[in-house]
Amino acid sequence: MKTNWPTMDSIGIPQIRHFIYKSRPIAQFTMPRLPLPYASETEGKNELRRLFCGYSKLQGRIHAHSRPLRLLYWTGDKENLMGWMTSTFELYVTFDPLTKKYVAIEGVEKLLKWVRKEEEKLFIIESSTF
């Protein structure tokens, strides 16, 4: 099935493998299609589980009642993850394991510009009422 949903290749930010973006004011999420290895037929389930468990751990730490964070960068063996929460968005991003923090931040800045530019395509901003 062919889809027009964006891929990280079409977005054009090579340092980012995958992301989940939540617009807090409208409570909607977006993410690109899953790339390899997360979409692999043979190892995809384990890779995808690891990815979403990583996002879940970031989200739990960022929203911790005892000591919440605004920004968290986690370095792992298979990927690096970053979680960032502001009043307008939550963002969870995956990078290659050797990505430096400054390169990750440059990629996130480009991603945020892309999301703002594509906002009307990614989210239901105004809905009709009947």
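Numbering of residues starts from 1 in every chain and runs along the sequence as written. In keeping with the predicted nature of the model, local features appear solely for residues at pLDDT of at least 70, side-chain atom pairs appear and are counted solely at 80 or more, and the whole-chain, interface and lining totals rest on all residues. To get the side-chain values, take all heavy atoms of the structure and skip hydrogens and water.

1. What about the sheet that holds strand E5 (residues 89–95)?
Note on sheets: strands pair through backbone hydrogen bonds, and any given pair is parallel or antiparallel.
Link 1 in the chain: The antiparallel open sheet is built from five strands, whose spatial order is E2-E1-E5-E4-E3. The open sheet is flanked by strand E2 (28–30) and strand E3 (71–75), the only strands paired with a single partner. In this sheet, neighbouring strand axes are inclined to one another by 10 degrees on average, regardless of whether the strands run parallel or antiparallel.
Link 2 in the chain: Two strands are said to pair when DSSP picks up at least two bridges between them. What counts as a helix is a DSSP run of H or I of at least four residues, what counts as a strand is a run of E of at least two, and both are numbered from the N terminus. Summarising the sheet, strand E1 (residues 16–23) and E5 pair through seven bridges and their orientation is antiparallel. Across the sheet, His 18 pairs through a bridge with Thr 94, a residue of E5.
Link 3 in the chain: Any pair of residues with heavy atoms lying within 4.5 Å of one another is described as a contacting pair. Helix axes are fitted to C-alpha atoms over the stretch in contact, other axes to C-alpha atoms as well, and angles between N-to-C directions run from 0 to 180 degrees. The strands that helix H2 (residues 44–62) touches are E1, E3, strand E4 (80–85) and E5; relative to E4, the one it contacts most, it runs at about 35 degrees.
Link 4 in the chain: Packing against the sheet, helix H3 (residues 101–122) makes contact with E1, E2, E3, E4 and E5, and its axis sits at approximately 130 degrees to E5.

2. Remarks on the nonpolar core
Link 1 in the chain: With 20 residues, the main nonpolar core has Phe 19, Tyr 21, Leu 91, Val 93, Phe 95 and Leu 111 as its most contacted residues.
Link 2 in the chain: Elements represented by at least two residues in this core include exactly helix H1 (8–11), E1, E5 and H3.
Link 3 in the chain: Those residues in contact with Val 93 that sit more than four places away from it in its chain are Ile 16, His 18, Phe 19, Tyr 55, Asn 80, Leu 81, Met 82, Val 108 and Leu 111.
Link 4 in the chain: By nonpolar core we mean a set of buried residues, namely Ala, Val, Leu, Ile, Met, Phe, Trp, Tyr and Cys, connected to one another through side-chain atoms within 4.5 Å. Residue burial is assigned from relative accessible area. The probe radius is 1.4 Å, only protein chains are included, and a residue is buried under 20% of its type maximum, exposed over 50%, and partly exposed in between. Counting residues in each nonpolar core, the second largest holds nine residues, with Tyr 38, Leu 51, Tyr 55 and Ile 62 among its members.

3. Concerning unusual backbone geometry
Leaving glycine aside, a negative phi is the common case for residues, and trans is the common case for peptide bonds.
Link 1 in the chain: Note the cis peptide between Leu 36 and Pro 37, where omega equals 5 degrees.
Link 2 in the chain: Inspection of the secondary structure assignment puts Pro 37 in the loop between E2 and H2.
Link 3 in the chain: Here Ala 27, not a glycine, exhibits a phi torsion of approximately 55 degrees, which is positive.

The quantities given are spatial measurements derived from coordinates; they are silent on function.
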